[in-house]
Amino acid sequence: MKLERNVKKFYDGLAEGVIYARKCKECGAIEFPPHYACNTCGYHDTEWTTVSGKGVLKSVITPVALNANNTLAAIGPYCFGEVELEEGCSFNSTIFGVDAKNAKKIRGKLPVPVHPKFIQMDGYTTLMFEVDEEVLAD
Ligand SMILES: [Zn+2]
């Protein structure tokens, strides 16, 4: 797979456990996934920065049979949901640790803390998230 230089930087970072994002040079907003313009103030110029990957899960959407993904299911129970990083950006992601069995319990606790989970898939590393153990334990 041939990747554009900036996209390559992003995936090379993930392979090393580093999450790159873009920071607006005007207002300081963090854009993740990386965008080249700021979605907060509309400024055209952003620069590379990194984010911790720590954040909270704000919604839980369980996959239905039609869109279930066998590759993901082989890794562990998963759902989809909106993640908000501590740096302030929100996006949708695959979330491990939650599935139809415990979705109701987790929904009752939202927002719950999540951490990054780096998954090897199709020859590159991709970023997903996992609900923190303490949340699942009780
Ligand atoms: Zn901005």
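Quick caveat, the model's predicted, so the values are computed rather than measured.

Lay out the pairing of strand 8 (residues 124–131) in plain terms, naming residues and giving numbers.
Side-chain direction in a regular strand flips from residue to residue, so the side chains alternate between the two faces of the sheet. By the criterion of burial, strand 8 is predominantly enclosed, with six of the eight residues buried. Inspection of the sheet shows strand 6 (residues 90–96) paired to strand 8 by two bridges, in the parallel sense. Across the sheet, the residue bridging to Ile 95 is Phe 129, located in strand 8. Note that strand 7 (residues 112–121) and strand 8 share eight bridges and pair antiparallel. Of the residues in strand 8, the one forming a bridge with His 115 is Glu 130.

Tell me about the side chain of Asp 99, residues and numbers included.
Position of Asp 99 relative to the elements: it lies in the loop between strand 6 and helix 3 (103–107). Buried and without a salt bridge, Asp 99 has Lys 101 as its closest oppositely charged side chain, separated by 4.1 Å.

An account of the sheet that holds strand 6 is requested, with residue identities and associated values reported.
The strand order 4-5-6-8-7 describes a closed barrel built from five strands, whose pairing is mixed. Going across the sheet, the axis of each strand differs from the next one's by a mean of 55°, ignoring polarity. Bridge count between strand 5 (residues 78–85) and strand 6: seven bridges; the pairing is antiparallel. Looking across to strand 6, one finds that Tyr 78 is bridged to Phe 96. Packing of helix 1 (residues 5–15) onto the sheet brings it into contact with strand 7 and strand 8, and relative to strand 8 it is tilted by some 60°.

Give me the pairing of strand 7: which residues, what numbers.
Pairing geometry for strand 4 (residues 55–57) and strand 7, over three bridges, is antiparallel. Counterpart to Val 56 in the pairing with strand 7 is Pro 113. Taking the residues that link successive antiparallel strands as the turn, the strand 7-strand 8 hairpin has two residues, and the phi of Asp 122 there is positive, at about 55°.

Tell me about the packing of aromatic side chains, and please be specific about residues and values.
What the rule picks out here adds up to nine aromatic pairs. Aromatic side chains Tyr 11 and Tyr 124 sit 4.8 Å apart centroid to centroid with 80° between the ring planes, which places their arrangement in the edge-to-face category. One end of the pair, Tyr 11, is in helix 1; the other, Tyr 124, is in strand 8, with 113 residues separating them in the sequence. By relative accessible area, which is 22% here, Tyr 11 ends up partly exposed.

Conventions and cut-offs
Chains are numbered independently. Their residues run from 1 in the order of the written sequence. Whole-chain, interface and lining totals are the exception, using all residues; otherwise, since this is a predicted model, local features are given only for residues with pLDDT of at least 70 and side-chain atom pairs are given and counted only at 80 or more. Excluding hydrogens and water, the side-chain figures rest on all heavy atoms present in the structure. Buried, partly exposed and exposed residues are distinguished by accessible area as a fraction of the type maximum, computed with a 1.4 Å probe on protein chains only: under 20%, between the cut-offs, and over 50%, respectively. The helix count covers DSSP runs of H or I at least four residues long, the strand count covers runs of E at least two residues long, and both are numbered beginning at the N terminus. Strands qualify as paired when DSSP identifies two bridges or more between them. Positive charges come from Lys and Arg alone, negative charges from Asp and Glu alone, with His and the N- and C-terminal ends not counted. By salt bridge we mean one thing: a side-chain nitrogen of Lys or Arg within 4 Å of a carboxyl oxygen of Asp or Glu. Under this scheme, a helix contributes an axis fitted over its contacting stretch, all axes are lines through C-alpha atoms, and angles between N-to-C directions fall in the 0 to 180 degree range. Contacts are residue-level and defined by heavy atoms, with any inter-residue pair within 4.5 Å sufficient. The criterion for an aromatic pair is that two Phe, Tyr or Trp rings (for Trp, the six-membered ring) have centres within 6.5 Å, with stacked assigned to planes under 30 degrees apart, edge-to-face to planes over 60 apart and tilted to the rest.

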